[in-house]
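Geometric and topological summary
In case you want the letters, here they are:
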Amino acid sequence: MRVATQPIDGQKPGTSGLRKKTKVFMSKGYLENFIQSIFDATGGATGKTYVVGGDGRYFNDSATQTILKMAAANGAERVIVGQNALLSTPAASHLIRLMATDGGLILSASHNPGGPEEDFGVKFNTANGGPASEAVTEAILARTTEIREYFIADHTDIDLSRIGTQQIGGMEVSVIDPVADYAALMEGLFDFPAIRTMFAAGFRMRFDAMCAVTGPYAREILERRLGAAPGTVVNGDPLPDFGGMHPDPNPTWAQALMAEMFGPDAPDFGAASDGDGDRNMVVGRGIYVSPSDSLAVLAANAHLAPGYRGGLKGVARSMPTSTAADRVAEALGIGCYETPTGWKFFGNLLDAGKATLCGEESFGAGSDHVREKDGLWAVLLWLNILAERKESVSEIMSGHWHRFGRNYYSRHDYEALPVEVANRVMAGLRDKLASLPGQEVEGMTIGAADDFAYADPVDGSVSKGQGLRVVFTDGSRLVLRLSGTGTEGATIRLYLERYVAVPEGLADEVQAALAPVIRAAEALAGIRAETGRVAPDVIT
Ligand code: VG1
Ligand code: CO
């Protein structure tokens, strides 16, 4: 069936897909226009196969039905969909590759809250399993501005609870177990017997799935296959509103986990994942591991896991992520790449075999096993390392810092700012960048300052305006950029880093260690002065 439509403003994909208020996505033609634009901008859907699934948030199921009917009407040959429309982002990436499909549609606004009053989102991944490149998202956006019609099959809803094959006209719909293939992939990468032995010997863990998509994956892998005690996984049932929680695994939003890990009788290891299962937070007994440090530790120890025994080809990190991983890459004698924020920039490096491990300061880590960051993968690699080294998380961190030095690191988020105020702060700093080198602030000398631009070493494409950075001669850094995943106002992210070659000890207060850099940021960018805010909304 052909339906006439009109272009809708603002369908511009951000850092990771198109995210809007759920009500906006549910409004007439909104989802349909965007999906049709994806098909149109990528050469049509005729004869193609896709993977479809989402994180279980409100509207996930009916959006999936719409997409299935649209794929059928656009001539697709087959769609593989997770049972009950569920698929974590890394599991979807794996299926796209495993089944050699033409791409996938992932329904998620990731770590943003879900529900009728909250957020919804759609990500389009290409045949390599990774997020669409900027060139593709720009073509999709261009199509949304000229779209006049979309196609949708007049068909009853598919029973997505029933595993097996059904038809919509000439298109096959394969409803599959969302967990099985992913769990098998993990079993091939990690030493499950060694981890199982560790659990059998009394190792205790808490995994907070935050009522999001990772629950069924974590229960199957941690409790059933690895023998972790029943109840290890909490908040393990995906709920349309994530149980009212904010499924963002950081110390602020995963408060209950943090309290348990820092409380009496804490388990040996704690972890949490986000809405769509691509993020992870790792906590030891009484010690929080920053994502930047986690990436460095994973890089330094990955060879202990069977999947990485041959060593790493290289490491890549987003520009705002701390340089802790760079020190490991240097010691290992492997390549190190610095990309803009967002997983789409890692795809080429992974495809070209330049990098094996990638990571972002925003609780994302992953490898060349898929083309997305992967929360549970990071947790399993940590478990494999713990099982091999037979040390606690704090012993591993302390050993790492003594060997490589410590990159104190923190991110300060100022959320829901009026857009013009946020833009003014950014413009203020951007305008003075050229004059900064050589200046002294808070006893530190500025060595370099720029607006980060990235030239992709594989395809030569250039991405400009990826964050303002100020680097001091002692290796300290501050970075300022605007979030590209929010749905309300603007969020300024301030990233802070200070390197200390000989760390004084584990107990060091990170914010105190970063105090001079925090003061320098205020002196240079004046976020608090300009916004009237007295403190960040979220500190990670
Ligand atoms: C944030 C993070 C970024 C991450 C992106 C998607 O983007 O900072 O590192 O890749 O979310 O993650 P932004 O533009 O708001 O800073 V997810 O878990 O939403 O797929
Ligand atoms: Co996510």
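About the thresholds
- Residue numbering note: each chain is counted from 1, following its sequence as written.
- Working convention: letters from A go to chains and numbers from 1 go to ligands, in the order in which they are written.
- In view of the model being predicted, local features appear only for residues whose pLDDT reaches at least 70, and side-chain atom pairs are presented and counted only at 80 or more, with totals across whole chains, interfaces and linings using the full set of residues.
- Only hydrogens and water are set aside; all other atoms, that is, all heavy atoms of the structure, feed into the side-chain values.
- Here, any two strands with at least 2 DSSP bridges between them count as paired.
- Going along the chain from the N terminus, every DSSP run of H or I of four or more residues is numbered as a helix, and every run of E of two or more is numbered as a strand.
- Note on geometry: axes are C-alpha line fits, over the in-contact stretch for helices, and angles between N-to-C directions span 0 to 180 degrees.
- In what follows, salt bridge is the name for a side-chain nitrogen of Lys or Arg lying within 4 Å of a carboxyl oxygen of Asp or Glu.
- Any residue under 20% of the maximum accessible area for its type is buried, any over 50% is exposed, and the rest in between are partly exposed; the area is computed with a 1.4 Å probe on protein chains only.
- Arc definition: it is the arc formed by the directions from the helix axis to the C-beta atoms.
- Note on contacts: a residue pair is in contact if any heavy atoms of the two residues lie within 4.5 Å.
- Note on ring pairs: Phe, Tyr and Trp rings are taken, using the six-membered ring of Trp, and paired if centres are within 6.5 Å. Classes follow the plane angle, with under 30 degrees stacked, over 60 edge-to-face and the rest tilted.
- As used throughout, domain bounds are those supplied by an automatic or database domain assignment.
- As used in this structure description, the phrase polar contact means that two N or O atoms lie within 3.5 Å; if the pair is within protein, one of them must be able to donate a hydrogen and the other to accept it, and residues adjacent in sequence are counted only when both atoms belong to side chains.

1. What about the sheet that holds strand β15 (residues 314-318)?
Spatially, β16-β15-β17-β18 is the arrangement adopted by the four strands of the open sheet, whose pairing is mixed. At either end of the open sheet lies a strand with only one pairing partner, and these are β16 (335-339) and β18 (364-367). Strand after strand, the sheet turns through a mean of 15 degrees between neighbouring axes, direction not considered. As paired elements, strand β17 (residues 357-360) and β18 share four bridges and run antiparallel to each other. Within β18, the position partnered with G359 by the bridge is A365.

2. With respect to the pattern of salt bridges
Pairing between side chains becomes possible if they bear opposite charge and their charged atoms approach one another. Enumeration according to the criterion identifies 37 salt bridges in this entry. With a closest N to O distance of 3.3 Å, R279 and D248 form a salt bridge. Taken together, the positions of R279 in the loop between β12 (269-273) and β13 (280-284) and D248 in the loop between β11 (233-234) and α9 (255-262) put the pair 31 residues apart, joining distant regions of the chain. Taking the relative accessible area as the measure of exposure, R279 reaches 9% and is therefore buried. The class for D248 is buried, based on a relative accessible area of 8%. The salt bridge involving R469 is made with E338; its shortest N-O contact spans 3.3 Å. A residue pair is termed long-range when its members are at least 10 positions apart, and R469 in strand β24 (residues 468-472) and E338 in strand β16 qualify at 131 residues. R469 gets classed as buried once you look at its relative accessible area, which sits at 16%.

3. Details of helix α11 (residues 324-332)
All buried positions along α11 are accounted for by A324, A325, V328 and A329. On an axial view of α11, the arc spanned by its buried residues comes to 140 degrees, and they lie on one face. Its buried side turned inward, α11 meets α10 (291-301), β15, β16, α14 (393-404) and β19 (406-417). One or two steps after α11, the chain reaches G333, where phi turns positive at roughly 70 degrees.

4. Comments concerning the sheet that holds strand β14 (residues 287-289)
Ordered by their spatial adjacency, five strands build an open sheet running β11-β10-β12-β13-β14, and the pairing between neighbours is mixed. Both edges of this open sheet fall to β11 and β14, since each of them pairs with a single strand only. Of the strand pairs in this sheet, β13 and β14 are connected by three bridges, and their pairing is antiparallel. The residue bridging G284 from the neighbouring strand is I287, located in β14. Sitting on the sheet, α9 touches β10 (205-208), β12, β13 and β14, and the angle it makes with β13 is about 20 degrees. Set on the sheet, helix α13 (residues 375-389) makes contact with β10, β12, β13 and β14; between it and β12 the angle comes to about 165 degrees.

5. What about the packing of aromatic side chains?
Following the criterion strictly, the structure yields ten aromatic pairs and no others. For the pair Y308 and W377, a centre-to-centre distance of 6.3 Å together with 80 degrees between the ring planes defines the contact as edge-to-face. Of this pair, Y308 sits in the loop between α10 and β15 while W377 sits in helix α13, and the two are 69 residues apart along the sequence. Y308 gets classed as buried once you look at its relative accessible area, which sits at 3%. A relative accessible area of 0% means that W377 is categorised as buried. Ring geometry for F345 against Y454: centres 6.1 Å apart, planes inclined by 85 degrees, an arrangement best described as edge-to-face.

6. Regarding the pairing of β19
Along β19, ten of the twelve residues are buried, which leaves the element largely enclosed by surrounding structure. Relative to strand β26 (residues 490-500), β19 runs antiparallel, the two being bridged by ten bridges. Paired with R406 across the two strands is V500, which belongs to β26. By the bridge criterion, two bridges tie β19 to strand β27 (residues 538-539) in an arrangement that is antiparallel. Within β27, the position partnered with D413 by the bridge is V538.

7. Remarks on the domain arrangement of the chain
Taken domain by domain, the chain consists of domain 1 (2-176), domain 2 (181-404) and domain 3 (406-539). Spacing between the C-alpha centres of domain 1 and domain 3 amounts to 35 Å. Listed by partner, the interface residues are nine residues for domain 1 and seven residues for domain 3. On the surface where domain 1 and domain 3 come into contact, there are one salt bridge. K21 is paired through a salt bridge with E488; the nearest N and O atoms lie 3.1 Å apart. Taken together, the links from domain 1 to domain 3 amount to five residue pairs in polar contact (both at pLDDT 80 or more). Among the elements that take part in the side of domain 1 that touches domain 3, strand β2 (residues 18-21) stands out by supplying three residues, more than any other.

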